[in-house]
Amino acid sequence: MAASLIRLHFHDCFVQGCDASILLDDSSTIQREKNVPNNLNSVRGYEVIDDVKSQVESICPGVVSCADILAVAARDASVAVGGPTWTVNLGRRDSTTSSFSQAAANLPNFSDGLDRLISLFSTKGLTTHYKDVSI
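So, a few notes on the structure that sits alongside this text. A quick note: this is a predicted structure, and the numbers were derived from the prediction, not measured.

**Digging into the pattern of salt bridges**
Stage number 1. A complete count under the given rule lists 6 salt bridges for this structure.
Stage number 2. As a salt-bridge pair, D68 and R92 come within 2.9 Å of each other at their nearest N and O atoms. Taken together, the residues D68 in helix α3 (residues 66-80) and R92 in the loop between α3 and α4 (100-106) connect sequence positions 24 residues apart. For the pair formed by D68 and R92, the shared burial category is buried.
Stage number 3. Two residues, R75 and D76, come together in a salt bridge whose shortest N-O distance is 2.6 Å.
Stage number 4. Relative accessible area serves as the criterion here: at 18%, R75 is assigned to the buried category.
Stage number 5. Because the salt bridges share partners, they merge into one network encompassing D25, D26, R32 and K34.

Below is the structure:
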């Protein structure tokens, strides 16, 4: 599940920023990111975030965003399997919108070549050179 939570966070951040928009369901005004081909039947861990959010809400309702929970869960999942740790700055706000079209256009595809991947990551301010990144 660790890799799934990290991937869920990545797929959230890569579209509209780290705003939990990937967690939103369809409505009359939202076509959810969950249905984008790169997410559908592929991204997992939604139920873990839902469970954590429910537990947090029972203790301090309306205080902690789903976006913060997703960021902390990804970091903690990495640590749990012996991966790196990083500081998670808190205070994100949850999105009230989700963009199927942005997710479809911006998420890397497993068949993308190196040039396409470098291009997608560069639009997010990332380079092929290592540097510290704060999320």
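**Remarks on helix α2 (residues 46-59)**
Stage number 1. End to end, α2 covers 20 Å across 14 residues, agreeing with the expected 20 Å (1.5 Å per residue, within 8%).
Stage number 2. Against the buried residues of α2 lie α1 (2-16) and α3.

**Focus on the side chain of S21**
Stage number 1. For S21, the location among the structural elements is in the loop between α1 and α2.
Stage number 2. S21 sits in the buried class, given a relative accessible area of 0%.
Stage number 3. Looking at S21, its side chain comes within polar contact range of the side chain of E33, at 2.8 Å.
Stage number 4. Excluding residues within four positions of it along the chain, S21 makes contact with D12, Q16, E33, S95, T97 and S98.

**Notes on the state of the cysteines**
Stage number 1. Throughout the structure, instances matching the rule amount to 1 disulfide.
Stage number 2. Among the cysteines around C60, which has no disulfide bond, C66 carries the closest sulfur, lying 12 Å off.
Stage number 3. We classify C60 as partly exposed; its relative accessible area is 26%.

Criteria and thresholds
Here the residue index of a chain counts from 1 through its sequence in written order. The predicted nature of this model means local features are confined to residues of pLDDT at least 70 and side-chain atom pairs, given and counted, to a pLDDT of 80 or more, with totals for whole chains, interfaces and linings taken over all residues. In computing side-chain properties, one takes all heavy atoms of the structure into account and sets aside hydrogens as well as water. Any carboxyl oxygen of Asp or Glu that lies within 4 Å of a side-chain nitrogen of Lys or Arg is treated as forming a salt bridge with it. Helix numbering and strand numbering both begin at the N terminus, where a helix is a DSSP run of H or I of at least 4 residues and a strand a DSSP run of E of at least 2. Partly exposed describes any residue whose relative accessible area lies between the buried limit of under 20% and the exposed limit of over 50%, with all areas from a 1.4 Å probe on protein chains only and scaled to the type maximum. The span expected for a helix works out to 1.5 Å for each residue beyond the first. By the convention used here, residues are in contact when the closest approach between their heavy atoms is within 4.5 Å. By the criterion applied in these results, polar contacts are pairs of N or O atoms within 3.5 Å in which, for protein atoms, one can donate a hydrogen and the other can accept it, and in which residues neighboring in sequence qualify only through two side-chain atoms. When two cysteine sulfur atoms are found within 2.5 Å, that pair is recorded as a disulfide.

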